[in-house]
Structures are given as C-alpha cells and as structure tokens.
Number of protein chains: 2
Amino acid sequence: MTPLEEMGRKAKEASRRLAFAGEEKNRALAAISEALRRNESEIIAANAADIQAAKENGMTVSLLDRLTLNSQRIEGIAVGVEEVMALKDPIGTVLGGMVQTNGLKIEKVCVPLGVIGMIYEARPNVTADAAALCLKSGNAVILRGGKEAFNSNQCITNIMRDALEQAGLPKDCIQLVQDIGRASANEMMTLTGYLDVLIPRGGAGLIKAVVENAKVPVIETGSGNCHVYVDEFANIDMAADIIFNAKTSRPSVCNAIETVLVHKNIAQQALPAIRAKLHEKQVEIRGCTVTCDILKDIVPATEQDWGTEYLDYILAVRVVDDIYQAMDHIMKYTTGHSECIVTESYRNSMLFTSQIDAAAVYVNASTRFTDGGMFGLGAEIGISTQKLHARGPMGLEQLTSIKFIVQGNGQIRI
Amino acid sequence: MTPLEEMGRKAKEASRRLAFAGEEKNRALAAISEALRRNESEIIAANAADIQAAKENGMTVSLLDRLTLNSQRIEGIAVGVEEVMALKDPIGTVLGGMVQTNGLKIEKVCVPLGVIGMIYEARPNVTADAAALCLKSGNAVILRGGKEAFNSNQCITNIMRDALEQAGLPKDCIQLVQDIGRASANEMMTLTGYLDVLIPRGGAGLIKAVVENAKVPVIETGSGNCHVYVDEFANIDMAADIIFNAKTSRPSVCNAIETVLVHKNIAQQALPAIRAKLHEKQVEIRGCTVTCDILKDIVPATEQDWGTEYLDYILAVRVVDDIYQAMDHIMKYTTGHSECIVTESYRNSMLFTSQIDAAAVYVNASTRFTDGGMFGLGAEIGISTQKLHARGPMGLEQLTSIKFIVQGNGQIRI
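Residues numbered from 1 in each chain as written. Chains lettered and ligands numbered in written order. Predicted model: local features only at pLDDT ≥ 70, side-chain atom pairs only at ≥ 80, totals over all residues. Heavy atoms only, no water.

Draft legend 1. Region of the structure containing the overall build of chain A. Helix and strand counts for chain A stand at 15 helices and 16 strands. For chain A, whose C-alpha radius of gyration is 24 Å, the value lies close to the compact-globule estimate of 22 Å for 414 residues. If one aligns the C-alpha atoms of chain A with their principal axes, the spans along those axes are about 70 × 70 × 35 Å. Burial status across chain A gives 58% buried among its 414 residues. For chain A, long-range pairs separated by at least 24 residues make up 71% of all intrachain contacts whose partners lie at least 6 apart in sequence. (Helix = DSSP H or I, 4+ residues; strand = E, 2+ residues; numbered from the N terminus. Rg over C-alpha atoms; globule rule 2.2 N^0.38 Å. Buried < 20%, exposed > 50% of the residue type's maximum accessible area, 1.4 Å probe, protein only. Contact = heavy atoms within 4.5 Å.)

Following this line, the structure appears as structure tokens:
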C-alpha cells in the first residue's frame with residue numbers, strides 16, 4: 001500500500017463511523033472553531049514560514065495576500081466553522097418512501113457520500129472551510145492543498161484532528177496529504193475504491209488536469225466564461241450598470257463576466273454608454289469589427305478572446321444580429337456557469353432562460369450573485385459547472401447521496 | 001473531426017432543440033411504438049442476420065436467446081415505449097425557489113442532462129428502452145450496442161429516427177455508433193465536450209473498462225456482489241426462503257445474491273435448512289471451514305469466492321462470530337448494490353440498516369426487489385452502484401439536472 005492508499009483506507013474506516021454520527025459532529029465543529037481561535041499564534045507562526053518561503057520564491061503580491069493568515073482572518077475561519085455548525089444536518093432525512101401492496105416498506109434516506117478528496121491551491125482558509133462542510137455532511141475528507149501553504153494547512157489540520165478526537169470522532173475524518181509533489185495529486189485522481197468523489201478547486205489548469213486524468217468521480221468547479229447579452233429591447237443604463245458590476249466588482253472570481261454581446265439595433269447607443277461606465281475602472285475592451293467601428297481606438301478581438309476567461313480588467317465585446325446569434329455564441333463558448341440577458345422583452349426573457357444551458361441563467365441582474373450564500377445554501381464548497389450530481393453552488397446537500405432502506409417480513413419476488 | 005465527434009456535435013445540436021420540446025416528445029414515442037409494430041418483419045429479418053452470424057461464431061445458447069427478437073418480444077418493446085410515454089415528464093418541474101430581500105427571484109428548475117452515451121452488450125431491446133427513456137427526459141442519446149446485435153440495433157434505430165422526424169424532432173436525438181470495433185468504445189469514453197454522461201450497461205468487464213478509461217462523467221451500473229446475513233435471531237424458514245429466492249429466481253441478474261453469512265449461534269440449524277432448500281435447484285455451495293464442518297461434502301471457499309459475482313447457481317457461505325463481523329465482511333466485499341439481514345431483533349435491524357452502505361439495504365426481504373418498477377420509478381435505464389448523482393434504480397429523474405433561473409430588475413452585487 002502506498003502512503004496515499006493507506007490514507008484512503010483510514011478515511012474509509014473513519015467514514016463508516018462518521019456516517020452514523022449525530023451530535024458528535026456539531027461537538028467536533030465547536031471544538032474546531034474554539035481550537036482555531038486558541039491556537040491563533042501557532043497558526044500565524046506556521047503561516048509565517050509559508051510566507052517567507054513564498055517571498056523567497058518570488059510569489060506575486062496578490063498571491064501572497066491570498067496566502068496570508070492574520071488574527072482577523074483566523075477569526076473569520078472560526079466564524080465560518082460555526083456557521084457550518086448552525087446549518088441543518090441533511091444526513092438521515094427521509095426523502096420519500098412508500099409501502100408496496102406486498103407490504104414491503106421502502107424508504108429513501110439521505111446518507112453521506114463517504115470519502116471526499118479535495119485538491120486546491122494556495123488559500124489555507126479552504127482547509128478549514130472544506131473540512132467543516134465535509135464533517136457536517138458526514139464525509140471523511142482527504143485534503144491536498146497547495147505546496148505554498150503546506151505549513152499553514154498542516155497546522156490547521158492538526159488542530160482539527162485533535163478537536164475531532166476530543167469530540168469522540170476518529171481523527172482520520174480529516175487528513176492532509178503529506179507529499180506535496182505533483183505525483184500525489186495524480187495518485188489522488190486515480191484512488192479508485194477509496195474516494196467517492198474528487199473536487200478540484202482552483203485555476204483552469206488544475207481543473208483541466210483533474211478532468212483529463214481522474215479515474216474517480218469528479219465534480220468540476222469554478223470555470224466561468226460568463227456572458228451578458230444586451231438585447232435590442234434592453235434598458236441601456238441598466239445594462240451598463242450590470243456589466244460594470246459583473247466585470248469589475250471582483251474580476252478574479254468565476255461569476256465575473258468575460259464577454260458582452262450587443263444587439264446591432266442598440267449597439268450605436270449602448271456601446272458608448274457601456275464603455276463610459278467601464279472606463280471608471282480602466283477596463284480594456286476587445287471588440288469585434290462592428291464594435292471597433294463604433295467605439296474606434298479599441299483592441300480588435302480574435303477568435304481566442306471569445307473562449308478566454310480573463311479574470312482581469314479585460315472584456316470582449318461582440319455585436320450580434322439578433323438574440324439567436326447571441327444564444328448560439330453563448331452556447332458555443334459558455335462553460336455553463338452564469339449567463340445573463342438584459343431585456344425589457346417578455347418573449348426574449350423567456351426564450352433566453354429556456355434555451356440557454358448554464359447553471360444559472362439571469363434576466364436583468366448581475367451574474368455576480370451566483371454563490372451558495374445568495375442561493376440559500378448557507379455555505380458552499382465550490383460552484384459546479386457540470387451537470388451530473390450537482391450544478392451551481394454546492395452546499396451540504398450536494399455532498400450527500402441516498403440509500404433505500406427496505407423493510408419486509410419475508411417477502412420474496414415471484 | 002472524427003465520425004464520433006461529428007455524432008457528438010449533431011447530438012449536442014439536437015439536444016438543444018429537445019431540451020425545450022413539450023408534447024413532441026410523447027408524439028415521437030407514440031410514433032416509435034407504432035412504427036416498431038408496423039416494421040416487425042423488417043426487424044425480425046435484421047435480427048435473423050445477427051442470429052446467423054452469432055451461430056456461425058459459436059455463440060452460447062443463453063446469449064443467443066438474449067439476442068433473439070420475435071413477434072412477442074417486439075410487442076414487448078413497443079409496450080415498453082408506451083409505458084415510458086405514460087410517465088410524468090420531469091423536465092421543467094420547479095424544484096424550489098425564493099425571492100431574495102433585494103427582489104431577486106431565484107427558481108431551481110429540472111432540465112435534461114443533455115447528451116447521454118450508452119455502451120451496452122448483446123440485447124437489442126436495450127436500444128429502444130434506453131432511447132425512449134432518454135427521449136422522454138429530453139436527452140439526446142448516442143447508442144453503442146454490441147457488435148453481435150448490430151443489424152438489429154441499426155434497424156430499430158432507423159425506425160426510431162424516422163419516427164422522431166415525423167413528430168417534428170431532429171433525427172439526431174437518437175444515433176447509433178456505426179463503427180463497432182473496440183476503438184469506438186474507447187473513443188466514446190473520452191468524448192469530452194460532447195457527452196454529459198456515459199452509462200455502461202453490461203458485464204463486469206465492460207463496466208471496469210469504462211470506469212478505468214473514461215474521461216467523461218460515468219454512472220457505474222449493475223455490479224452486484226450481494227449478501228444475505230442470517231442473524232442469530234433470524235427466523236430460519238424465512239431466511240431459507242429469502243436466500244432461495246434471492247439466489248435462484250434469476251441468478252444472472254445483478255440483484256441476485258452471491259454470499260450468505262450465518263451467525264455461529266444459529267449455524268447448526270440454519271445451514272442444513274438453507275442447503276435443503278437450495279438443493280431443489282442444485283445450487284453449489286462453497287463454504288468457509290466452519291460451514292464445511294457443519295455441512296460436510298461441500299466445496300471449500302477461497303478468498304476469491306468472497307469477491308466473486310458468480311451470476312450462476314453457486315453460493316459462497318461463511319459462518320461469522322457476530323453481526324459486527326458480518327457487517328465488516330459485507331463492507332469489505334460489497335459492490336454497494338443490495339444487502340440483506342434476516343433477523344427478528346429490532347436492535348440488529350437498526351444497526352444493519354444504519355451501518356451498511358449500499359444502494360438498497362433490506363430487512364427480511366429478498367434482494368431481488370431492487371429495481372425501478374418495484375421502487376416506483378416506472379422504468380429504469382440501469383441500477384447505479386456509485387454514490388454520485390444517482391444510486392440504485394435510475395429512472396427518468398436520474399437522467400436530469402437542474403438549472404437556476406434568476407429574474408431581476410437591475411440588481412447588482414454590492
């Protein structure tokens with residue numbers, strides 16, 4: 001057995017115990033949040049080692065910021081764990097059932113998935129967030145964080161494991177992969193028989209590598225090539241506000257937009273208004289030829305732009321002949337995350353929402369609303385852009401499965 | 001583009017149209033069932049070509065039987081299509097929703113998965129069954145049947161495609177892979193960007209190959225190493241009846257049992273009773289050493305027996321010390337399909353149903369009940385033995401996903 005298979009075995013064993021844990025789960029979460037606060041200085045010291053190494057390796061300022069833990073951020077993590085604790089436990093919920101004419105009673109019950117693998121990048125707060133959600137939903141978790149955050153992750157994980165034990169649950173409900181080379185990530189993707197699901201959380205490169213190489217079931221998250229279509233019947237001010245918000249309020253996240261499509265009949269008025277608004281944040285516009293004709297002095301867009309998730313202050317713009325061409329464009333380039341139409345036309349709003357295939361389809365609102373909090377899930381472990389098992393923001397419910405419990409008194413099948 | 005990618009592109013295009021089809025779906029199903037009946041002689045002629053080739057290749061009698069279509073079986077297929085037609089259409093169901101304090105209206109709506117791939121083996125009736133379920137649930141399907149049934153599958157598929165067109169839907173909602181070499185199956189497993197899910201239906205070898213090689217999301221089906229545990233507090237007659245039914249009523253199916261575990265305190269009385277019953281159908285018993293001591297003249301079981309899905313008139317039997325050892329054995333060897341305890345003990349029934357992790361967990365009833373019909377799904381496309389997306393019998397609902405429709409009047413995120 002490799003070290004990772006050994007972790008898989010331990011996780012599976014721990015998950016059997018965790019599957020029928022009741023109040024112990026909340027006791028453990030309370031103990032975790034208390035211990036995170038109590039060990040603040042220890043966490044900050046471990047994090048300092050990561051920061052120093054990252055500086056020596058020339059990490060960018062924005063990545064360094066994501067990596068950094070301080071008193072306030074640790075308090076934020078502890079509060080996050082308490083928020084998960086306050087959520088309703090989905091496990092054991094009876095989702096349906098019946099008594100058959102032969103007297104057989106069939107119940108469909110919510111159960112944990114079992115063992116969840118998480119591969120993520122440089123943000124050490126994910127370690128506690130993800131572990132809390134997995135624990136509350138009765139799943140053992142194997143965490144594989146980025147190597148840049150290893151000391152921080154290790155410290156946080158050890159604190160959580162001690163708290164688990166204190167609450168009467170197996171430590172191995174939460175484990176951190178110790179080997180942070182690329183090989184361990186690859187091995188995790190092929191840990192069949194141990195992992196019930198693998199959730200990658202990070203940049204496009206990580207997600208792609210996992211989807212390409214995984215043999216275990218995967219939930220693809222967080223790739224967002226999102227569009228706003230400004231319909232011929234749009235309120236132009238509203239369109240400019242929505243585009244400005246969806247592009248610039250936080251350009252680095254997956255629910256930010258990357259391309260705007262504008263109906264040709266409204267382009268002459270809408271494009272200058274949109275540009276004026278985006279100018280406040282110096283957004284670079286890359287336009288199709290018609291857009292370039294109208295706006296002048298902008299960068300021409302290439303085919304590659306339509307498929308690019310900039311995650312930056314850059315926006316591609318294309319003028320389309322009609323709503324059908326807009327929808328064709330979106331269906332060609334969408335990653336299935338969040339798509340928006342701005343229109344005052346009832347017909348076009350219905351057409352767009354029924355025909356666009358994405359996790360979230362918006363009429364007259366910013367795509368930035370796609371997240372677990374806004375959609376009423378309480379907390380989220382990621383945003384699924386696939387259609388199997390979970391789609392859109394994933395909360396506790398998306399970390400569960402079902403089982404049928406069938407009770408009889410000797411029934412046989414004839 | 002390879003021929004299969006071209007099929008994928010066509011399926012994706014057809015699925016966009018099918019996603020918002022209403023009554024056309026039932027019109028198409030009615031036309032399909034009518035056309036299958038009307039073209040009976042054509043289907044039988046195509047099937048005869050398959051049968052002849054199979055005979056020349058020395059196909060076994062039982063496989064030949066599965067391959068054969070006659071008037072009665074074609075009527076059965078047509079009736080099956082009508083039954084699917086009569087099921088409630090899940091697409092468009094509003095599954096939940098809310099209005100946020102900012103006025104944003106969020107609805108969660110049932111949508112099709114998109115494009116489903118099916119890889120299956122020698123039974124040509126699967127072609128129509130699977131296509132009908134996919135069509136009703138708004139999914140385009142790419143079928144890849146066994147090469148032995150190619151002529152039959154081709155004939156049935158052409159009939160269905162004509163019926164689709166007649167009902168005003170794209171032919172390419174249903175396509176059959178024309179290249180029946182192994183390469184096309186492998187290519188299907190990696191058809192990312194086109195297939196939303198791949199469902200293999202067949203023997204353990206096929207399922208394993210798909211799980212090992214697929215890059216598209218997969219739902220694993222139909223592997224059933226099922227157990228009956230005869231508890232110390234079991235009614236022995238009931239146990240023998242359940243075991244007899246679960247082993248012999250149809251040994252070749254996935255919900256048949258393969259191993260019986262017997263509590264040591266009841267083994268002396270139970271084992272002879274079980275053997276006597278199984279003797280009626282000449283079931284071969286392979287026992288652990290204790291079983292061999294009690295029953296004499298039976299074949300000793302090896303480690304390999306505990307993990308084998310015989311699908312035959314063979315049963316492995318092990319005597320266990322207590323319910324915990326029984327549960328450990330099951331959790332070690334189960335494929336997560338159907339597991340049963342026979343007991344009159346309330347405590348042990350609760351212990352078993354809460355701790356055994358399988359799609360269906362039974363108390364005092366035959367595992368043979370695990371199927372879509374019995375569980376109230378109407379029809380099934382397979383029985384999932386994984387925990388992601390679907391578990392247990394898969395009906396229409398399991399062929400769907402969700403999308404969030406968000407309606408606003410200019411909301412932006414602050």
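Let us keep going from here.
Draft legend 2. Representation of the relation of the copies chain B and chain A within the structure. Rotating chain B by 180 degrees and moving it 0.0 Å along the rotation axis overlays it on chain A with an RMSD of 0.1 Å. When the rotation and shift are considered jointly, the pair of chain copies conforms to a two-fold rotation axis. Judged by C-alpha distance, His389(B) is the residue of chain B that lies nearest the rotation axis, at 1.8 Å. Both copies share a contact surface, since 100% of the interface residues of chain B are interface residues in chain A too. (Least-squares fit on C-alpha atoms with pLDDT ≥ 70 in both.)

Draft legend 3. Highlighting the pattern of salt bridges. With the rule as written, the count across this model stands at 50 salt bridges over all chains. In this structure, the salt-bridge partner of Arg9(B) is Glu13(B), at a minimum N-O distance of 3.2 Å. With Arg9(B) and Glu13(B) both in helix H1 (residues 3-18) and four residues apart, the pair spans about one turn of that helix. On the basis of relative accessible area, Glu13(B) is assigned to the exposed category, the value being 53%. Linking Arg38(B) and Glu34(B) is a salt bridge whose minimum nitrogen-to-oxygen distance equals 2.8 Å. One end of the pair is Arg38(B) and the other is Glu34(B), both in helix H2 (residues 23-38) and four residues apart, which spans about a single turn. Within the structure, one salt-bridge network assembled from shared partners comprises Asp196(A), Asp357(B), Lys387(B) and Arg391(B). (Salt bridge = Lys/Arg side-chain N within 4 Å of Asp/Glu carboxyl O.)

Draft legend 4. Examining the pairing of strand E12 (residues 338-342) of chain A more closely. Residue and element names in this part refer to chain A. The buried count for E12 comes to five of five residues, which makes it a mostly enclosed element. Residue alternation in E12 divides its side chains into two sets, Ser338, Cys340 and Val342 and Glu339 and Ile341, and both sets are buried. Pairing between strand E7 (residues 226-230) and E12: four bridges, direction parallel. Within E12, the residue paired with histidine 227 across the bridge is glutamate 339. In this structure, E12 lies alongside strand E13 (residues 360-365), joined through four bridges in parallel fashion. The residue of E13 that forms the bridge with glutamate 339 is valine 361. (Pairing = 2+ DSSP bridges.)

Draft legend 5. Geometry of the confidence of the model for chain A. Scored by pLDDT, chain A comes out at a mean of 95, with 100% of its residues at no less than 70. Scoring the predicted complex yields pTM 0.92 and, for the interface, ipTM 0.93. (pLDDT = per-residue confidence, 0-100.)

Draft legend 6. Region of the structure containing the interface of chain B and chain A. The interface is formed by 69 residues belonging to chain B together with 69 residues belonging to chain A. Across the chain B to chain A interface the summed buried area is about 5700 Å²; carbon plus sulfur atoms make up 54%. Linking chain B to chain A there are eight salt bridges. Linking chain B to chain A there are 41 residue pairs in polar contact (both at pLDDT 80 or more). (Buried area = accessible area lost by both parts, 1.4 Å probe. Polar contact = N/O pair within 3.5 Å; in protein donor to acceptor, adjacent residues only side chain to side chain.)

Draft legend 7. Region of interest: the sheet that holds strand E1 (residues 94-99) of chain B. If you walk across this open sheet you meet the 10 strands as E10(A)-E9(A)-E11(A)-E8(A)-E7(A)-E12(A)-E13(A)-E16(B)-E2(B)-E1(B), and the pairing is mixed. Two strands close off the open sheet at either side, each with one partner strand: strand E10 (299-300) of chain A together with E1 of chain B. Here helix H10 (residues 236-248) of chain A sits on the sheet and contacts E7, strand E8 (257-263), strand E11 (314-320), E12 and E13 of chain A together with strand E16 (400-411) of chain B; the angle it forms with E8(A), its principal contact strand, is near 165 degrees. Contacts from helix H15 (residues 346-355) of chain A reach E7, E12 and E13 of chain A together with E16 of chain B within the one sheet, and its direction differs from that of E13(A) by about 160 degrees. (Axes fitted to C-alpha atoms, helices over the stretch in contact; angles between N-to-C directions.)

Draft legend 8. Examining the environment of Thr334(A) more closely. Residue and element names in this part refer to chain A. Looking at the secondary structure, you find threonine 334 in the loop between helix H14 (323-333) and E12. You can call threonine 334 buried: its relative accessible area is 17%. C-alpha of threonine 334 to C-alpha of glycine 307: the two residues are 27 residues apart in sequence and 8.0 Å apart in space. Contacts of threonine 334, omitting those with residues within four sequence positions, involve Asn225, His227, Glu339 and Asp357. Within the structure, the side chain of threonine 334 is placed 2.6 Å from the side chain of glutamate 339, a separation counted as a polar contact.

Draft legend 9. Quick look at the sheet that holds strand E6 (residues 197-201) of chain B. Residue and element names in this part refer to chain B. Spatially, four strands are ordered E5-E4-E3-E6 in an open sheet, and the strand pairing comes out parallel. Looking at the sheet topology across the chains shown, the edges are occupied by strand E5 (174-176) and E6. Strand after strand, the sheet turns through a mean of 20 degrees between neighbouring axes, direction not considered. Two strands pair when backbone bridges link them, and strand E3 (residues 115-120) and strand E4 (residues 140-144) are joined in this way by five bridges, in the parallel orientation. When the bridges of E4 are listed, methionine 118 appears paired with leucine 143.

Draft legend 10. Quick peek at the environment of Asn125(A). Residue and element names in this part refer to chain A. Here asparagine 125 shows up in helix H6 (residues 125-136). Assessed through its relative accessible area of 18%, asparagine 125 is described here as buried. Linking asparagine 125 and isoleucine 77, residues 48 residues apart in sequence, is a C-alpha distance of 6.4 Å.

Draft legend 11. Focus on the packing of aromatic side chains. By the definition in use, this model includes four aromatic pairs over all chains. Look at Tyr229(A) and Phe352(A): their rings are 6.5 Å apart centre to centre, the planes differ by 20 degrees, and that puts the pair in the stacked class. Separated by 123 residues along the polypeptide, Tyr229(A) in strand E7 and Phe352(A) in helix H15 bring together distant segments of the chain. Each member of the pair Tyr229(A) and Phe352(A) is classed as buried. Measuring from ring centre to ring centre gives 4.7 Å for Phe404(A) and Phe375(B), while their planes differ by 50 degrees; the resulting arrangement is tilted. (Phe/Tyr/Trp six-rings, centres within 6.5 Å; stacked < 30°, edge-to-face > 60°.)

Draft legend 12. How the structure looks around the packing of helix H2 (residues 23-38) of chain A against helix H7 (residues 150-166) of chain A. Residues and elements named next belong to chain A. At their nearest, the axes of H2 and H7 sit 8 Å apart, and the two run at 140 degrees to each other. By the angle between their directions, the pair H2 and H7 is classed as oblique. Our pair here, H2 against H7, has a crossing hand that is right-handed. Across the interface between the two elements, Ala28, Ala31, Ile32, Ala35 and Leu36 from H2 touch Ile156, Ile159, Met160, Ala163, Leu164 and Gln166 from H7. Residue composition of the contact of H2 with H7, grouped by class: 10 nonpolar, one polar and no charged. (Parallel < 35°, antiparallel > 145°, perpendicular 65-115°, else oblique. Left-handed = near helix turned anticlockwise from the far one by under 90°. Nonpolar A, V, L, I, M, F, W, Y, C, P; charged D, E, K, R; others polar.)

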